[in-house]
Amino acid sequence: MKNTYTFYAFALFSALLFGVFTLVEFKTDVSAFFFRGDTPETALLASKMQSGELSKRYLLLLEGKEDSDILGFAEELESVLSAILGVTRVWSLQASSDELEAVAMDYSNYGMQLFSLQPEKDVPLFFTQASLDNRSLRIKNILLSQQQTWMQPLLMKDPFLLISDWSSKLGGNNFVEDPKFIGVAVETSISGLDGKKQKFIYESINQNFMALNAEFDGAFSLRMTGVPVFASAVQQQVASDVKKVSIISMVLMVLVFLFIFRSVRGLVWVSFILLSSVAMASIATSLFFGYLHALTIAIGGTLIGVCIDYPIHSMVHAMAKPKLDPASAIEKIWPSLLLGGVTTVVGYLALSMTSHPGMHQLAVFASVGIGTSLLLTRFLLPHLMRGHLKQKDFSLGVRPWLAFVGKYQRFLKRGMLTFGAALMLFVLPSIEWTDDLSKLSPELSSLRSEDSEIRRKLSSIEPGRFILVEADSFEHALQQNEQVYLALSRIQDKQDLDSFHSLYPWLASEALQKENLSMFAAFQDEAHQNMWKKALEKQGLSVEKLGEPHYPPLQILTKDILEKSSHISYVQSQYVESQGKSLIMTWLGKHQTDVVKQAISNISSAKYISQKGILNHLATEYRKQTITMFAFGLSVIFLLLFVRFRNFWIAARVLMPAVLAGLVVLSTLSWLGVALGMLHLIGLLLVVSICVDYAIFIHENRAGNNPITYQAILASAMTTVAAFLSLGFASNPALQALAWTVAPGVVIGFVLGSIFVFQPKAGIEEGVDVG
Amino acid sequence: MLSLRLFKCLAFVLGFSFSSLNGFAASIDELLLRHQEALPLKLSYTETRYITFFDQPVLTNGMVYMTTQDFILLQNKPSRLLAASNHKRIWIYDELSQRRGSRSASGIKRHDPALYVLTQAFKSGNAKGLQQQFHIVQKQQEGKWLLFLEPKTAQAKKKYVRFVLKGPQGEVASDIQIEFTNGNKTTWVFNKLTDDKHLADEIKRLFKEARG
């Protein structure tokens with residue numbers, strides 16, 4: 001019979017393990033866990049971070065020794081990097097003269113259409129004698145310069161060389177003759193935040209560079225940045241953390257378990273329940289959402305602190321009467337376990353009511369995990385324990401503690417209530433929350449400084465700050481974008497803005513293009529043609545060849561035409577169309593925020609966006625929602641306790657230690673200057689969940705024996721603290737936040753549970769051991 | 001079996017071909033060697049540019065400095081423009097636009113291999129690269145040697161129609177004519193200057209100016 005249940009356990013575990021490997025779709029993209037936009041700009045940012053162009057690219061800085069052919073090297077490197085699996089596109093940031101020629105040649109078809117943002121003002125000015133004289137002089141100088149070879153064919157299509165009026169705005173300093181360093185962008189098909197998959201690409205880029213550089217006698221150096229580089233570094237750090245935390249937690253858990261129970265068999269039972277619960281939770285969450293996020297396992301995995309309570313508590317109670325059937329011992333405490341489980345699930349369900357996408361997964365994961373742990377404890381554990389219980393004393397020193405609490409309980413209770421009230425009044429209001437998500441990221445200062453140095457060398461653009469135009473149609477968005485262009489040009493003239501990169505003149509609204517054409521048409525009469533001929537004659541230019549401009553059939557430049565051309569790569573990250581909205585971005589160089597905001601203030605559909613600001617705003621919203629929902633969850637837990645005990649004061653007394661423990665931990669961390677954020681709140685929820693369970697166990701004391709109940713609670717508290725303390729050894733600040741919230745919180749909760757809920761009247765029996 | 005007559009025919013043809021080839025190669029080598037031996041050189045030049053969009057040819061003039069290592073072109077009129085190159089790099093300074101730029105020799109080799117091998121051939125005396133890039137025809141006319149270079153590669157054919165170099169018998173080139181595919185044409189006429197006492201210093205100064 002015993003063997004049958006062991007077989008059941010083995011079969012169940014094998015089936016769950018098989019389910020994990022076959023059914024669970026893992027995702028490691030951090031942004032999918034943290035972000036979901038509610039406004040167009042946050043939606044844009046969230047979608048771009050999750051899918052996108054902002055995160056999928058590596059930025060390579062190639063530097064060469066003096067006299068090295070860096071353009072040739074970059075060309076060959078681009079070709080070998082393109083062959084890496086997962087790389088979709090590789091291109092040089094500094095367009096070569098060949099590329100510039102190609103852009104100019106294609107855009108010369110649109111010289112007139114894109115001529116000016118204010119055609120009604122600029123076209124009449126263009127057709128004055130002085131202006132035409134200047135233009136013919138400019139054409140002459142170009143024909144006599146180095147550019148003559150490739151500019152000459154342009155004149156056939158664009159006799160006024162109108163493209164020269166705005167071609168510099170196409171990319172400005174991105175076109176370099178022969179640079180000492182060069183930027184290369186590598187775009188991948190994988191989300192940049194998927195550290196595991198990006199690690200392969202990151203290593204392949206390095207290997208390919210080294211192989212090629214060896215052929216060039218090591219003349220070049222490579223520096224790399226981009227979201228995937230950070231993701232790979234985080235991946236390595238997380239892998240190292242997991243290894244470290246796993247080893248430490250395993251050693252600590254085994255030591256604690258052997259110290260308390262002196263039983264390897266007991267450790268196997270509890271491990272089986274924990275692993276089965278996590279496996280079941282993983283399968284259910286993945287089936288429900290279509291994927292399981294790695295962070296859900298990481299944070300949800302800490303639920304072992306809760307799940308472990310049920311089997312340990314049950315084991316200690318079963319050991320109290322080893323001669324009886326363990327099933328009856330567990331049946332006796334089952335209502336307490338169930339209530340504890342339900343209150344914990346309520347806490348997590350409350351958090352799932354926030355808009356934080358990660359919390360939704362966490363709620364399902366926690367509910368299924370806790371449910372599985374409870375069911376296995378209730379229906380399988382007794383059968384596994386049957387016949388293996390031996391009596392052995394393990395008081396864990398609870399008797400002197402209970403005697404102390406019994407003697408001074410009233411005094412301690414008042415003291416703690418006063419202390420709690422003082423914390424509520426003086427410390428709680430002054431708690432400072434930080435919503436800077438970067439503080440939850442691993443310490444990567446060297447990568448960050450490398451990133452800013454590379455970006456400073458390669459681009460004049462300030463990362464993460466831009467102007468966003470949002471409109472119901474793309475045409476309207478283009479028109480608004482043109483207004484932004486004019487506004488930015490004005491402050492650039494006043495030197496309040498270094499540079500900016502707009503979608504114009506890569507693309508202009510149809511309305512503007514038509515207006516330019518109609519203005520030019522109005523001036524193409526004999527009088528103005530004679531003025532032009534006169535200007536050409538002054539410079540010795542051929543009137544015969546240039547005097548009667550014949551533009552090719554004029555066509556409006558549309559988004560489709562641009563997207564079909566190779567030039568789309570220069571601007572494709574500057575616009576997005578989704579859900580009936582068109583969004584256009586203008587990248588900004590060094591600027592004064594207030595001046596830029598002021599400049600676009602009268603353009604209703606334009607907004608100044610700070611990426612970091614949006615993320616922090618999202619984090620603030622999540623945190624506020626979490627606090628609200630946390631309070632709501634506490635109210636529901638209180639209601640459940642009230643329904644169970646049918647007594648307001650008992651319900652309050654059971655909830656009090658958990659709330660006070662959380663309060664003490666938060667206040668202490670705040671007092672120590674720790675920046676408190678989302679992860680501390682999740683830790684706080686764990687503290688409350690665990691401590692409410694303890695308080696229920698103490699209050700109900702279903703064994704009718706306080707020392708046994710306390711031994712059970714202390715045993716599970718020791719394993720919980722050991723598990724969370726091991727998280728404190730991780731270098732990841734998020735894991736540290738959980739560790740230093742939960743571990744002390746559980747200890748304080750246990751102590752406060754004794755003070756507030758302990759009832760000294762219950763009897764005392766001998767402890768037992770399992771073997 | 002190959003008949004004796006056919007064998008003699010083949011031998012004649014092959015022999016003729018080889019002797020022609022050898023003779024041709026020797027003359028090119030000789031020509032290039034002559035130029036190399038003449039180095040260092042200081043030349044004044046006049047350039048006449050026939051540009052499609054100008055009614056009249058545009059005249060420029062300046063100086064050329066050439067050593068086995070360096071090549072400098074200094075345009076004095078209509079505006080000052082300086083191009084200085086060694087075997088690794090070329091620096092350009094345009095005084096009119098105040099623009100300065102540089103490019104690696106291998107970059108030029110990649111971008112304009114025809115022009116690169118032409119200058120290298122005259123500096124190094126090696127005809128191999130020249131023969132790879134151009135169909136070469138050599139003629140003599142009115143006591144002058146003429147060298148016709150027509151591009152072989154698609155890249156060069158896109159830009160150039162031909163180069164024609166001309167010089168008195170036994171002397172270095174005095175005229176170079178370049179015809180471009182866009183209809184433009186330029187003719188350079190050189191005059192060897194004997195005032196080369198301070199050539200090394202001058203080259204050094206011009207390099208410094210070009211590099212900035």
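Summarised in this report is the structure supplied together with it. (Residues numbered from 1 in each chain as written. Chains lettered and ligands numbered in written order. Predicted model: local features only at pLDDT ≥ 70, side-chain atom pairs only at ≥ 80, totals over all residues. Heavy atoms only, no water.)

Attention now moves to the interface of chain B and chain A. Listed as interface residues are 25 residues of chain B and, on the opposing side, 30 residues of chain A. In total, about 2300 Å² of surface goes out of reach between chain B and chain A, with carbon and sulfur atoms giving 48% of it. Among the residues chain B hides against chain A, the three largest losses belong to Phe53(B), Phe54(B) and Arg110(B). Together they make up 31% of the total. Run the count over chain B and chain A and you get 0 salt bridges. The tally of links between chain B and chain A comes to 6 residue pairs in polar contact (both at pLDDT 80 or more). Going through the elements one at a time, β5 (89-94), β6 (99-104) and α2 (105-111) of chain B are the ones with two or more residues in the side of chain B that touches chain A. Of the residues contributing to the side of chain B that touches chain A, the split by class is 7 nonpolar, 9 polar and 9 charged. (Contact = heavy atoms within 4.5 Å. Buried area = accessible area lost by both parts, 1.4 Å probe. Salt bridge = Lys/Arg side-chain N within 4 Å of Asp/Glu carboxyl O. Polar contact = N/O pair within 3.5 Å; in protein donor to acceptor, adjacent residues only side chain to side chain. Helix = DSSP H or I, 4+ residues; strand = E, 2+ residues; numbered from the N terminus. Nonpolar A, V, L, I, M, F, W, Y, C, P; charged D, E, K, R; others polar.)

So, on to the packing of aromatic side chains. One pass over the full model with this rule turns up 36 aromatic pairs over all chains. Centre to centre, the rings of Tyr107(A) and Tyr110(A) are 6.2 Å apart; their planes meet at 65°, and the pair counts as edge-to-face. No difference in accessibility class separates Tyr107(A) from Tyr110(A), as the two residues are buried. Ring centres 5.2 Å apart and planes at 55° place the aromatic pair Phe404(A) and Tyr408(A) in the tilted group. Taken together, the positions of Phe404(A) and Tyr408(A), both in helix α20 (residues 398-427) and 4 residues apart, correspond to about one turn of that helix. An aromatic cluster is built from Phe115(A), Phe126(A), Phe127(A), Phe160(A), Phe520(A), Phe523(A) and Trp532(A), whose rings are joined through pairwise contacts. Positioned above the aromatic ring of Trp334(A) is the side chain of Arg378(A), whose terminal nitrogen or guanidinium carbon lies 5.9 Å from the ring centre. Cation over ring: Lys185(B) sits above Tyr50(B), and NZ or CZ is 5.3 Å from the ring centre. (Phe/Tyr/Trp six-rings, centres within 6.5 Å; stacked < 30°, edge-to-face > 60°. Buried < 20%, exposed > 50% of the residue type's maximum accessible area, 1.4 Å probe, protein only. Lys NZ or Arg CZ within 6 Å of the ring centre and 35° of its normal.)

Now for the sheet that holds strand β3 (residues 87-92) of chain A. All names here are of chain A. The antiparallel open sheet is built from 4 strands, whose spatial order is β3-β4-β2-β5. Unpaired on one side and paired on the other, β3 and β5 (220-225) mark the two borders of the sheet. With strand direction ignored, the average angle separating the axes of adjacent strands in the sheet is 20°. Strand direction decides the pairing type here: strand β2 (residues 57-64) and β5, joined by 6 bridges, are antiparallel. The residue bridging leucine 60 from the neighbouring strand is methionine 224, located in β5. Contacts from helix α4 (residues 70-82) reach β2, β3, β4 (181-188) and β5, with the element oriented near 150° to β2. (Pairing = 2+ DSSP bridges. Axes fitted to C-alpha atoms, helices over the stretch in contact; angles between N-to-C directions.)

This brings us to the environment of Lys514(A). All names here are of chain A. Residue position: lysine 514 is located in helix α23 (residues 510-523). On the basis of relative accessibility, which here comes to 46%, the residue lysine 514 falls in the partly exposed class. Put simply, lysine 514 and glutamine 113 are 401 residues apart on the chain and 6.8 Å apart in space, counted from C-alpha to C-alpha.

The relative placement of two packed helices is expressed as an angle between their axes plus a distance between the axes. All names here are of chain A. The N-to-C vectors of helix α30 (residues 678-700) and helix α31 (residues 706-727) enclose an angle of 165°; their axes lie 10 Å apart at closest approach. Taken as axis vectors, α30 and α31 run roughly antiparallel relative to one another. When you trace α30 past α31, the crossing you get is right-handed. Along its contact with α30, which presents Leu686, Ile690, Tyr694, Phe697 and Ile698, the element α31 presents Thr709, Tyr710, Ile713, Ser716, Ala717, Thr720 and Phe724. Within the contact of α30 with α31, the residues separate by chemical class into 9 nonpolar, 3 polar and no charged. (Parallel < 35°, antiparallel > 145°, perpendicular 65-115°, else oblique. Left-handed = near helix turned anticlockwise from the far one by under 90°.)

The next point concerns the pattern of salt bridges. For the structure on display, the rule yields 20 salt bridges over all chains. For the salt bridge of Glu187(A) with Arg89(A), the shortest nitrogen-to-oxygen distance reads 3.9 Å. Within this pair, whereas Glu187(A) is found in strand β4, its partner Arg89(A) is found in strand β3, the two being separated by 98 residues in sequence. Close ionic contact of Glu209(B) with Arg80(B) constitutes a salt bridge, the shortest N to O distance being 2.2 Å. On the criterion of sequence distance, the pair formed by Glu209(B) in helix α6 (residues 199-211) and Arg80(B) in the loop between β3 (71-77) and β4 (81-85) is long-range, its members being 129 residues apart. Among the residues examined, Arg80(B) registers a relative accessible area of 21% and is labelled partly exposed.

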